[in-house]
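The primary structure of each chain is shown beneath.
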Amino acid sequence: MTSLTSKWGRPELYTSYRQDMALLNTRSKVLGTIAVLVVAALMPMLVSDNLLIILGSGLVLAIGAIGLNLVTGYAGQVSLGHAFFVGIGAYAAAVLSGDPDGRYLGFGVDFMPLWLIGAGLIAAIAGALVAPLATRLRGLYLAVVTLGLVFIGQYFFFEWNEMSGGPQVGREAAKPELFGIQFTVDNGFKGGWTEEQKLYWLFLGVLVVAAVLARNIARSRIGRAFSAIRDRDVAAGVMGVNLTRYKIVAFTISSFYAGICGALMFSASGHFTPESFSLLMSVQFIAIVLIGGVATISGTIMGAMLIALLPRLASELPAFVPFLSSSASEHPNIFEFEQIMYGVLIVAFLLFEPRGLFGIWHRVRTYWKSFPFSY
């Protein structure tokens, strides 16, 4: 017991500053993280491929939402233009990996890490170019400026046909392939794994790397500067925090995550159009951050999985709600209900649980840690 205590300290209590700043600072977090990762890795063997498609899309949404949470939740800079940077990432990946002799612009980069990181870097450059304008604004004015990016982006996506393929036509997405493994082809592994299983593992691996990187950023000097700017930017400036520099850094990192998300988002379907990057996509990411929990990485992942499951849940409603139609030509239908639910969930969580799903998890965890006491 003595050796265990000297190694770990008292359970659930921080006994040193090093432990307080550690990535996983308690035994329960270490064991819980290992358990979650094991279950997540085994999920393709436990559920059907149809459900894996939904879970995979949730993993990709989580990558983009983590980037938005860094700039909005941690740095306090409201951004409604996340769809713009996701679109840049999607088109950058498609152009980098596209056929040079094909119909649309392409450079023939087949190595997946190159076009994936390249898409993130191109989106990050776009974020760095926009950031100096955004750093002069805050609050509602900043939200309006970033909202304008969505419409500016859609104009270029619609008009630059050589790159985008044009409205309602689109172009092929980047094809994920690494070391001879084609993730969009069944039986690409020796074990005979399906396309859905391989894509899920790919998305899970990228998400784990992205989440660990974001968590380390949040607990670093940069993350502390973000929090200071969010809580009171004037006071942060008086204390010596370079407001312009760190706001630019926040937008750049957030845009990088959005670019990675965009590069992977349409890998499964293999095709996308300019209409995909609308204001609704930005609202979707905002909903993920607010529902999952502001300034939390794990909460963002939970929120992304809930939003990804929302269409599946809506599709099951006609069996229980007779007046709700599954046809888009009839009203009311499940597609309208799905969009309404974004707003309903945002309002409900802001009113009753501002900390989102992470707040609910924190309440449950606190209850069992203090049981049988109520305080």
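If you're wondering where the values come from, they're calculated on a predicted model, not measured in any experiment. (Residues numbered from 1 in each chain as written. Predicted model: local features only at pLDDT ≥ 70, side-chain atom pairs only at ≥ 80, totals over all residues. Heavy atoms only, no water.)

Here we come to the overall build of the protein chain. Helix and strand content of the protein chain: 16 helices and four strands. For the protein chain, the spread of C-alpha atoms along the principal axes amounts to about 70 × 50 × 50 Å. Contacts in the protein chain between residues far apart in sequence, at least 24 positions, make up 70% of those at least 6 positions apart. For the protein chain, the accessible area works out to roughly 19500 Å², and carbon and sulfur atoms hold 67% of it. The protein chain carries 25 positive and 21 negative side-chain charges, and their two centres are separated by 20 Å. (Helix = DSSP H or I, 4+ residues; strand = E, 2+ residues; numbered from the N terminus. Contact = heavy atoms within 4.5 Å. Areas by Shrake-Rupley, 256 points an atom, 1.4 Å probe, with all protein chains shown as cover. Lys, Arg positive; Asp, Glu negative; His and termini not counted. Charge placed at Lys NZ, Arg CZ, Asp CG, Glu CD.)

This next bit is on helix H4 (residues 49-74). Over its 26 residues, H4 extends 35 Å from the first C-alpha to the last, a length consistent with the 38 Å expected when each residue adds 1.5 Å. Most of H4 sits out of view: 21 of its 26 residues are buried. Phi turns positive one or two residues past the end of H4, at Gly 76, with a value near 75°. (Expected span 1.5 Å × (residues − 1). Buried < 20%, exposed > 50% of the residue type's maximum accessible area, 1.4 Å probe, protein only.)

One pass over the structure, following the stated rule, counts 12 aromatic pairs. One aromatic cluster is present, built from ring pairs that chain together Tyr 91, Phe 157, Phe 266, Phe 272 and Phe 277. Across from the ring centre of Tyr 246, 5.3 Å away, lies the NZ or CZ of Arg 245, which sits over that ring. (Phe/Tyr/Trp six-rings, centres within 6.5 Å; stacked < 30°, edge-to-face > 60°. Lys NZ or Arg CZ within 6 Å of the ring centre and 35° of its normal.)

Counting 95 residues, the largest nonpolar core has Ile 63, Trp 115, Tyr 257, Leu 264, Phe 272, Phe 277 and Phe 285 as the members making the most contacts within it. In terms of residue count, the dominant contributor to this core is H4 (14 residues). Discounting residues that sit within four places of it in the chain, Leu 264 has contacts with Val 60, Ile 63, Leu 116, Phe 203 and Val 206. (Core = buried A, V, L, I, M, F, W, Y, C linked by side-chain atoms within 4.5 Å.)

This part is about the pattern of salt bridges. What the rule picks out here adds up to three salt bridges. Linking Asp 231 and Arg 230 is a salt bridge whose minimum nitrogen-to-oxygen distance equals 3.1 Å. Owing to a relative accessible area of 54%, Asp 231 belongs among the exposed residues under this scheme. Arg 230 sits in the partly exposed class, given a relative accessible area of 33%. (Salt bridge = Lys/Arg side-chain N within 4 Å of Asp/Glu carboxyl O.)

Counting through the fold element by element, His 82 comes out in helix H5 (residues 82-97). A residue is classified by how much of its surface remains accessible, and His 82, at 2% relative accessible area, is buried. Separated by 2.8 Å, the side chain of His 82 and the backbone oxygen of Gly 64 make a polar contact. In contact with His 82, other than residues within four places in its own chain, are Gly 64, Gly 67, Leu 68, Ser 254, Ala 258, Ser 282 and Phe 285. (Polar contact = N/O pair within 3.5 Å; in protein donor to acceptor, adjacent residues only side chain to side chain.)

Turning our attention to unusual backbone geometry. With an omega of -10°, the peptide bond between His 331 and Pro 332 qualifies as cis. Mapping Pro 332 onto the fold places it in the loop between helix H14 (297-315) and helix H15 (334-352). For Gln 168, which is not a glycine, the phi torsion comes out positive at approximately 60°. For Gln 168, a relative accessible area of 71% puts it in the exposed group. Located in the positive-phi region is Ala 295, a residue other than glycine, with phi close to 65°. The topology assignment puts Ala 295 in the loop between helix H13 (279-292) and H14.

This part takes up H5. End to end, H5 covers 23 Å across 16 residues, agreeing with the expected 22 Å (1.5 Å per residue, within 8%). For H5, the tally of buried residues reaches 16 of 16 residues, placing the bulk of the element in the interior.

Let us now look at the packing of H5 against helix H6 (residues 112-134). Two numbers describe how H5 lies on H6: the axes approach to 8 Å, and their chain directions differ by 140°. Of the possible angle classes, the one that applies to H5 and H6 is oblique. Handedness of the H5/H6 crossing: right-handed. Judged by residue contacts, Phe 85, Ile 88, Gly 89, Ala 92, Ala 93, Leu 96 and Ser 97 of H5 engage Trp 115, Gly 118, Ala 119, Ile 122, Ala 123, Ala 126 and Gly 127 from H6. Here the contact of H5 with H6 is built from residues that sort into 10 nonpolar, four polar and no charged. (Axes fitted to C-alpha atoms, helices over the stretch in contact; angles between N-to-C directions. Parallel < 35°, antiparallel > 145°, perpendicular 65-115°, else oblique. Left-handed = near helix turned anticlockwise from the far one by under 90°. Nonpolar A, V, L, I, M, F, W, Y, C, P; charged D, E, K, R; others polar.)

Within the secondary structure layout, Gly 58 lies in helix H4. A C-alpha to C-alpha distance of 29 Å links Gly 58 and Phe 107, two positions 49 residues apart in sequence. With residues up to four places along the chain from it excluded, the contact list for Gly 58 reads Ala 304, Met 305 and Ala 308.

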